[in-house]
Amino acid sequence: MSVGDDRRAEQARKPMSDVIPPPPTTPPPADPAFVADPTVVCDGVSVWFGPKVAVTELSCSFGPGVTGLLGPNGAGKTTLMRALCGILPTNRGSIRVLGRDPRAQREAQRRLSLVPEDDAVPGAMTARQLVRYAAAIHSVADRNAPEACLATVGLLDVADRRVSAFSKGMRQRAKIAASLVTEPQVMVLDEPLNGADPVQRTALIGLFHTLGDQGRTVIISSHVLQEVERLAARQLVIVRGRLAAAGGHRAIRDALADRPRAVLVRTTEARRLAGDLLASEAVQGVTVDGDTLVVSSSHAGELAALLPVAARDAGARLREVRPLDDSLESVFRELLR
Amino acid sequence: MTDALPPPPSGPPPPAVALAAAPTTGAKLPRPFVAVVGYTLRACLPVKRWFGVLLPCVGALLFGWLTQIDARADASAFADVAEGGLFRLILPLTCLVIGDAVLGADVRSGTFPLTWLSPVPFRVIVAGRWLGGWLVALVTLVPAMVLATLVAGVPEAAGPMAVAAAAGASAYIALFLLIGVLVRRSALWSLAIVLLGEWLLGTPLTGIALVSPLWEAQQAFAGLWEYGDLIARSGMPSGWGAVLRLAILTLVALAIATWRVAHMRPLGGDD
């Protein structure tokens, strides 16, 4: 009997559970909601407040680099971020940050930081006191780290001013400095660019990219698609507490562009233009009311190209063209269908 | 799921953030406990709160002066003032302002996550907050209560008053700190406990008085002052026995507060 035969015979004697590897309990990395080398893992997370469900059965993971959390107001982004940091307990499911439960295991907080969206900062403290306090309670060894962090966010010159006297953007930067000084491996930032002027916005985006490139897990939420595109190569879209889409810029853009969209068109030749538009595959339906058309299309890009051509062919003048349901929230909701 | 989770990364932490150059003038960073105490003094007690603390302290001096204008102007007059004014009003009200500020107000304003989201153990956070509040009481309330004895012309009561006020403030601040993490409207609840619990029920019911910082502080004073019999209450320990009970009350309140902080959702008042 050969060595290979011995092994086969030995395997045959083993119980099935030893021979067959256990099925993976984490979804394969091919799922865009998951990454291959996760530092933060959400497994079937649900969070509710009384009858209101904020996050529902959400499973995803985050790894080194910048990840954007996109979603309309009230989608559950802030709740998820708070749960990620342990401020909120999960009603169902589990969260692990660097392998630890961020709520039950205080050590997890050593390498985790949150920059909350709200304006709640101790206003009686100066920016320097705030950052030094954050450094002290995280037992930061480098005594110059607070000064360096204040300089990084451009607040060193005003570091001795009370935070209560700061503008919203400056308060945000003070919070970012207080977060940065703890040298976190996982940074969770809730709408960090709110209130920042364009120059600071660009500087902060550059800083977040640097942090991501260093191998830190940077999770940033926003309800502005373009902002998240600049911030993060990978995005997760959350709508009504559920994960609606995940992936890179293109995947999210495609998902948004291919949704059915209603466009209002006011023109001089409504009926003739409606007939021409219906001949196109990009148009799913047209309703005519006087000089107004409402065009339904699931390919917004194609419709935008088609409309001027069809108007020219029909001899019609376009007086008004506007989307009827182009609020970001409606776009996100469409993703859930 | 837990078994399938990746283990904590064992490799080296990511490189330091590419920070801007800053002058190397940073002072040494304090230890976490000292930082928490410092935060309590700086952030939890802004200028308005200090006025709230100092106002009853001025009231304490006025109560001392009341003894002087009393026709008796002796120990019995001061005993009445101490019982009705210093221990029933000044001590609880001053401690309410301080005790609510050290944690309850921080939780309500939504700034507590700054501290909660740190590796500092909860017991250290709670102890640091309590100590910060007690230090404030030691430099405001206790001197004011002692000065009241001097203004009243009973200097021999200064020592017992200092001990009773310090021990009473310790228990009261721990109690109000606990209420701050238990309920949203902590100032209202604290006031209700003083007025209904300690004044209304504590006066006739010794069982309640035995767990009341007000009555225990008064008993501590009564036991240590040579004319303490004038305000001593029967059926309760007095003097150092009462001080010990106040210390136990402090520890129990801080222990419950620590448990509560570990299980709370430290969100702002709007959440």
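The following refers to the structure shown. (Residues numbered from 1 in each chain as written. Chains lettered and ligands numbered in written order. Predicted model: local features only at pLDDT ≥ 70, side-chain atom pairs only at ≥ 80, totals over all residues.)

### Here's the deal with the sheet that holds strand β4 (residues 92-97) of chain A
All names here are of chain A. One open sheet holds the 3 strands; their spatial order is β2-β1-β4, and the pairing between them is antiparallel. The open sheet terminates on both sides in strands that have one partner only, identified here as β2 (52-62) and β4. Ignoring strand direction, the axes of neighbouring strands in this sheet form an average angle of 25°. Running over the sheet, helix α3 (residues 77-85) touches β1 (40-49), β2 and β4 and is turned about 60° from β2. (Pairing = 2+ DSSP bridges. Helix = DSSP H or I, 4+ residues; strand = E, 2+ residues; numbered from the N terminus. Axes fitted to C-alpha atoms, helices over the stretch in contact; angles between N-to-C directions. Contact = placed C-beta atoms within 7 Å.)

### Some details on the pairing of strand β10 (residues 261-267) of chain A
All names here are of chain A. By the alternation rule, side chains of β10 split into R261, V263, V265 and T267, which are all buried, and A262, L264 and R266, of which none is buried. Here 6 bridges tie β10 to strand β12 (residues 292-297), and the two strands are oriented antiparallel to one another. The partner of L264 across the bridge, within β12, is V294. Bridge analysis of β10 against strand β13 (residues 318-323) gives 5 bridges, and the strand direction is antiparallel. Bridged to V263 within β13 is P323. (Buried ≥ 20, exposed ≤ 12 C-beta atoms within 10 Å, placed from the backbone.)

### As for the nonpolar core
Core analysis: the largest hydrophobic core is formed by 169 residues, its most contacted members being A177 of chain A together with M145, A169 and I173 of chain B. Tallying contributions element by element places helix α3 (residues 75-109) of chain B first for this core, with 20 residues. Look past the residues within four positions of A169 of chain B in its chain and what remains in contact with it is L91, C95, W134, A137, L141 and V142 of chain B. Counting residues in each nonpolar core, the second largest holds 15 residues, with V286, L293, L303 and L307 of chain A among its members. (Core = buried A, V, L, I, M, F, W, Y, C linked by C-beta atoms within 7 Å.)

### Some remarks on the sheet that holds strand β5 (residues 112-115) of chain A
Sheets are built from strands that pair by backbone hydrogen bonding, the pairs being arranged parallel or antiparallel. Residue and element names in this part refer to chain A. Spatial ordering of the open sheet is given by β5-β6-β7-β3-β8-β9, a layout of 6 strands whose pairing is mixed. A strand with exactly one partner marks an edge of an open sheet, and here the two such strands are β5 and β9 (242-247). With strand direction ignored, the average angle separating the axes of adjacent strands in the sheet is 15°. Direction of pairing for strand β8 (residues 234-239) relative to β9: antiparallel, over a ladder of 5 bridges. Its bridge partner being in β9, Q235 is matched across the sheet by G247.

The values reported here are purely geometric and, on their own, carry no functional implication.
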